[in-house]
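# Coordinate inspection notes
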Amino acid sequence: EVQLAESGGDSVRAGESLRLSCEFSGLTRHTYSLAWFRQVSGKEREEVAAIDSDGRTLYGDALQGRVTISQDKAENTLYLQMNSLKVEDSGMYYCAAENWLLLHAKSWFRPGDFQPWGQGTQFTVSS
């Protein structure tokens, strides 16, 4: 079975950077996608970034231009590097996976496309 566990949430100041990690297991080696989503106060769950087993990436509007998704296959770890953080970025961030899915034919990704999800990691950006 596929399992995911996020980590790296912290309290940071506005303008600082933070890297989140997600350890995963149970994915098909050559055909899978991983993604980050977030839920901030007062908003619906938002797409942040996605990456597949071929290394293709997609980015949503959330944190656009301030975020990079990457993976270390040898370590079975997904990363989300966030820069120039703002107070409104504070919230819960989730990693999610989907076996048998590649992003090469997609220009979008949605929360409903991914299962299972990690439990999330929360961080707060203060002014």
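Structural data are supplied above this passage.
Residues numbered from 1 in each chain as written. Predicted model: local features only at pLDDT ≥ 70, side-chain atom pairs only at ≥ 80, totals over all residues. Heavy atoms only, no water.

## Notes on the pairing of strand E3 (residues 18-25)
The pairing of strand E1 (residues 3-7) with E3 spans five bridges and is antiparallel. When the bridges of E3 are listed, Leu4 appears paired with Phe24. Relative to strand E8 (residues 77-82), E3 is paired through six bridges, and the arrangement is antiparallel. Opposite Leu18, over in E8, you have Met82 as the bridge partner. (Pairing = 2+ DSSP bridges. Helix = DSSP H or I, 4+ residues; strand = E, 2+ residues; numbered from the N terminus.)

## Here's the deal with the nonpolar core
By size, the foremost hydrophobic cluster in this structure holds 27 residues, and its most contacted members are Leu34, Trp36, Val48, Leu78, Leu80 and Met82. Breaking this core down by element, the ones donating at least two residues are E3, strand E4 (32-40), strand E5 (46-52), strand E7 (67-72), E8, strand E9 (91-99) and strand E10 (121-126). Of all the elements, E3 adds the most residues to this core, at four residues. Filtering out sequence-adjacent residues up to four positions away, Leu80 remains in contact with Leu18, Arg19, Leu20, Trp36, Val48, Ala49, Val67, Thr68, Ile69 and Tyr93. Among the nonpolar cores identified, the runner-up in size contains nine residues, and Ala35, Phe37, Leu58 and Ala96 belong to it. (Core = buried A, V, L, I, M, F, W, Y, C linked by side-chain atoms within 4.5 Å. Buried < 20%, exposed > 50% of the residue type's maximum accessible area, 1.4 Å probe, protein only. Contact = heavy atoms within 4.5 Å.)

## Some words on the sheet that holds E10
By definition, the strands of a sheet pair up through backbone hydrogen bonds, in either a parallel or an antiparallel sense. As summarised here, the arrangement of the six strands in space is E2-E10-E9-E4-E5-E6, forming an open sheet in which the pairing is mixed. What marks the edges here is a single partner per strand, and that holds for strand E2 (11-13) and strand E6 (57-59). Strand after strand, the sheet turns through a mean of 20° between neighbouring axes, direction not considered. Inspection of the sheet shows E4 paired to E5 by six bridges, in the antiparallel sense. Its bridge partner lying in E5, Ala35 is registered against Ala50. (Axes fitted to C-alpha atoms, helices over the stretch in contact; angles between N-to-C directions.)

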